[in-house]
Amino acid sequence: MPDQVAGIFDLLGLPDGDPRRAMLAKQFAEYLRGMDFPESADRLAHHFDPPAEYRAGETPDPAGG
């Protein structure tokens, strides 16, 4: 499913790295949860807005902030 959503984002003119992709993916995920598709929602949310410790190129802040 993330590939199909990425295709929609491309059609909307939202390139990779555009923060609006994560925002819209989160909204899609919330909708999917409401429709009783929690696994799909989690997969979508994690693909477009992974937890900070999984984001490529980011270094965790040792102070935790």
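Residues numbered from 1 in each chain as written. Predicted model: local features only at pLDDT ≥ 70, side-chain atom pairs only at ≥ 80, totals over all residues. Heavy atoms only, no water.

Describe in detail the side chain of Asp-18, supporting the description with residues and values.
Note on placement: Asp-18 falls in the loop between helix H1 (2–11) and helix H2 (19–34). At 2.7 Å, the side chain of Asp-18 forms a polar contact with the side chain of Arg-20. (Helix = DSSP H or I, 4+ residues; strand = E, 2+ residues; numbered from the N terminus. Polar contact = N/O pair within 3.5 Å; in protein donor to acceptor, adjacent residues only side chain to side chain.)

I'd love a proper account of the side chain of Ser-40, names of residues and values included.
By the secondary structure assignment, Ser-40 is in helix H3 (residues 38–48). Relative accessible area serves as the criterion here: at 15%, Ser-40 is assigned to the buried category. Ignoring any residue separated from it by four or fewer positions in sequence, one finds Ser-40 in contact with Met-1 and Leu-32. (Buried < 20%, exposed > 50% of the residue type's maximum accessible area, 1.4 Å probe, protein only. Contact = heavy atoms within 4.5 Å.)

Go over the packing of H1 against H3 with me, naming the residues and quoting the values.
Where H1 meets H3, the closest approach of the two axes is 10 Å, and the angle between their N-to-C directions is 55 degrees. When the axis of H1 is compared with that of H3, the two are oblique. For H1 against H3, the interelement crossing comes out right-handed. Counting all contacts with H1, which are made through Pro-2, Val-5, Ala-6 and Phe-9, the residues of H3 involved are Arg-43, Leu-44, His-47 and Phe-48. The residue inventory of the contact of H1 with H3, partitioned by class, reads 6 nonpolar, 1 polar and 1 charged. (Axes fitted to C-alpha atoms, helices over the stretch in contact; angles between N-to-C directions. Parallel < 35°, antiparallel > 145°, perpendicular 65-115°, else oblique. Left-handed = near helix turned anticlockwise from the far one by under 90°. Nonpolar A, V, L, I, M, F, W, Y, C, P; charged D, E, K, R; others polar.)

Nothing here speaks to function; it is all geometry.
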